[in-house]
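Next come the chains, spelled out residue by residue.
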Amino acid sequence: MPDNTERLLLLISERRIRARIATLARRIDADYRGRTLCLVVVLKGAFVFAADLARQLATPSTTDFISASSYGTGTRSSGKVALGGTDALQLDGKHVLVVEDILDTGRTGAAILDVLHRHGPASLALCTLLRKPAAGALDLAADYVGFDIGHDFGVGYGMDYAERHRNLRAIYRLIPGGPAG
Ligand code: PRP
């Protein structure tokens, strides 16, 4: 149910997102020159970022999708990571780049890298648009990071709050509303 008291404050504009993705794409192109990339996009949140990143890359790529879910409908991680679609992946000998929208606690990214390692890729790297402080402090190899942000709950550009706001063009800080009264 939409909450009329919640507020959205601009965190990262469309223009900054576009510029940062172009920079990331140039770095990825330089690192994978002469190779083909296998993009593994983590649904749902990364779908917008992945679509823009893939179109900025000059490196030839294939695209697969997996699902990961840990949040339920609140603004805090439940602590459990459920992965879907990884069994069908064929990554043996491939150069794999996982595309995530956000590393928050870092649990999802770590779980994905752990599972994908077992598929025997030639290389495995992680690209995330956003990273929060807890994940930044972990020993988790995030090879490409768009923006390090604070503890804000970000929505828009693929990211949701209770499945809403994924379609917004920029990234906003969500200030949840108080109890209805
Ligand atoms: C978000 C995000 C990451 C994960 C990061 O997914 O897309 O996959 O949480 O959190 P962590 O670093 O604390 O593990 P979410 O569970 O919200 O699902 P969604 O992408 O389908 O919205």
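Located above this text is the structure these notes cover.
These figures come from a predicted structure and were not determined experimentally. (Residues numbered from 1 in each chain as written. Predicted model: local features only at pLDDT ≥ 70, side-chain atom pairs only at ≥ 80, totals over all residues. Heavy atoms only, no water.)

The next point concerns the site of the ligand. Near the ligand you find 18 residues, and of these Glu-100, Asp-101, Thr-105, Gly-106 and Thr-108 are the closest. One nitrogen or oxygen atom from the main chain of Gly-45 is found 2.9 Å from an oxygen atom belonging to the ligand. At a separation of 2.6 Å, an oxygen atom of the ligand approaches a polar side-chain atom of Asp-101. Against a free-state accessible area of 500 Å², the protein chains account for coverage of 94% of the ligand. Counting residues per element, the ones that place at least two in the shell around the ligand are strand E3 (61-69), strand E5 (95-103) and helix H3 (107-117). Broken down by element, the shell around the ligand gets its largest block of residues, 4 residues, from E5. (Near = heavy atom within 4 Å. Polar contact = N/O pair within 3.5 Å; in protein donor to acceptor, adjacent residues only side chain to side chain. Areas by Shrake-Rupley, 256 points an atom, 1.4 Å probe, with all protein chains shown as cover. Helix = DSSP H or I, 4+ residues; strand = E, 2+ residues; numbered from the N terminus.)

Strand pairing in a sheet relies on backbone hydrogen bonds. The paired strands run either parallel or antiparallel. Spatial strand order, E1-E9-E8: 3 strands in an open sheet with antiparallel pairing. Lying at the two open borders of the sheet, with one neighbouring strand each, are strand E1 (7-12) and strand E8 (154-155). (Pairing = 2+ DSSP bridges.)

Another aspect to go through is the packing of aromatic side chains. Aromatic ring pairs are described here by two measures, namely the spacing of the ring centres and the angle between the planes. This model, assessed by the stated rule, comprises 1 aromatic pair. Relative to Tyr-161, the ring of Phe-153 has its centre 5.9 Å away and its plane inclined at 80°; by these criteria the two rings are edge-to-face. Its relative accessible area of 17% is what places Tyr-161 among the buried residues. (Phe/Tyr/Trp six-rings, centres within 6.5 Å; stacked < 30°, edge-to-face > 60°. Buried < 20%, exposed > 50% of the residue type's maximum accessible area, 1.4 Å probe, protein only.)

Purely geometric numbers; function is a separate question.
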